[in-house]
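So you can see what is in the structure, the chains are spelled out below.
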Amino acid sequence: MKVSIIIAVYNEAATVATLLDRVWAQPLPEVCKEIIIVESNSTDGSREIIAEFRARHAAEPAPRIQVIHEPRPMGKGHAIRQGFAAATGDILLIQDADLEYDVADYPELLKPIIEGRTALVLGSRHMGPDRWQIRKFTQDGLKTAFMNFGGILFHAFFNLVFSTRLTDPTSMFKVFRSECLNGLNFTSDRFDFDFELLGKLIRAGFRPLEVPVSYKSRGFDEGKKIRIFRDPPTWVLAILKSRFATLGAAKRRSLQRSAHRRAGADAITNATSTTRK
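Attention in this report is confined to the structure presented alongside it. (Residues numbered from 1 in each chain as written. Predicted model: local features only at pLDDT ≥ 70, side-chain atom pairs only at ≥ 80, totals over all residues. Heavy atoms only, no water.)

Counting across every chain of the model gives 11 salt bridges. Two residues, arginine 64 and glutamate 34, come together in a salt bridge whose shortest N-O distance is 2.7 Å. You can see arginine 64 sitting in strand β3 (residues 64-69) and its partner glutamate 34 sitting in strand β2 (residues 32-39), a full 30 residues away along the chain. Judged by relative accessible area, which is 41%, arginine 64 ranks as partly exposed. What makes glutamate 34 buried here is its relative accessible area of 0%. Between glutamate 39 and arginine 47 there is a salt bridge, and its shortest N-O distance comes to 2.5 Å. (Salt bridge = Lys/Arg side-chain N within 4 Å of Asp/Glu carboxyl O. Helix = DSSP H or I, 4+ residues; strand = E, 2+ residues; numbered from the N terminus. Buried < 20%, exposed > 50% of the residue type's maximum accessible area, 1.4 Å probe, protein only.)

Okay, structure coming up:
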C-alpha cells in the first residue's frame, strides 16, 4: 500500500527544508511513501530549496519524489488539486509546508484506513489539551481571540449545514483513500478548498473519523497566509455550494461501497499476512 503526501509550497523558505526532511525521515512501516511537492513560483527561494532536496535524494529509490512547478501562485486549493491529479498512492495525505502540524502524527492518521475501519480520517487539533484555544499569537492577544472565536463559528456553521458533529473540519490533516475522489469535481482555489473537499466527501457518503493531532500555530509575521477579511466570505460560499451542489445518489452509494470494500479487503490481507508470520 502506498500513501501520497501532497505538499503545497508558496514562499515557505523559512520552514520548507525542515518540513521536507521530516516527511522524508518519518517512518511508516506499513506503507510506502510518495512525496508530491507543488511549488507555486515562490519569490523567497523556496523553489531552490525544493530543487536541492530533490537532487539530494535523486539516487535513492524510495520514497518517490515528484515536483510540480506552477507558473504563478494560484492558491493552496489549486495546488492541492494538481497534487491529487499526479498522485499514484492508495491513500492521499495533505501536508502544509510550514511546521504547525507534526509529521509524527502520520502513523495514527493512517492506522484507521490501513485497518479498514474508515476511508476518511481528520486530524483534530481540538481534541488536544488546548481544545478551542489552538491559535496563540504572542504579539497580538486580540487577534488570537478573534481567530479562535471565528474558528468556533465556522466549525459550528459547517456542522449545522452538514448535520455533523466534527470538532475540526478545517484541519489541514485530511487523509483518505484515493478512490474517495472518484466522480467529484473541485473548483475552490484558496483556503475555501478545505471546506469544499470535506463537504463533498461527506456528501459522497464518507463519514470522517477524527483522531487527535499536535498543533503549534504560527503568526502572521511568521508567514500565515489566511486573510481575515478576504477569506471568510469564500468559506461560507464553499460550505453552501458543497452542501447543495447536485451529486448523483447512485454514484455516491457506489463510491462509498467501493472504498469501504477496498478498505476491508486490505485489512483482511494485513491480518492474513500477520497470521502467516
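Let's shift gears to the packing of helix α1 (residues 16-25) against helix α2 (residues 46-56). Taken N-terminus to C-terminus, the directions of α1 and α2 make an angle of 30 degrees; their axes are 10 Å apart at the nearest point. When the axis of α1 is compared with that of α2, the two are roughly parallel. Of the two elements, α1 crosses α2, and the hand of that crossing is right-handed. Contact with α1, carried on its side by Val16, Ala17, Leu20, Asp21 and Trp24, involves Ile49, Ile50, Phe53 and Arg56 of α2 and no other residues of that element. Partitioning the contact of α1 with α2 into residue classes produces 7 nonpolar, no polar and 2 charged. (Axes fitted to C-alpha atoms, helices over the stretch in contact; angles between N-to-C directions. Parallel < 35°, antiparallel > 145°, perpendicular 65-115°, else oblique. Left-handed = near helix turned anticlockwise from the far one by under 90°. Contact = heavy atoms within 4.5 Å. Nonpolar A, V, L, I, M, F, W, Y, C, P; charged D, E, K, R; others polar.)

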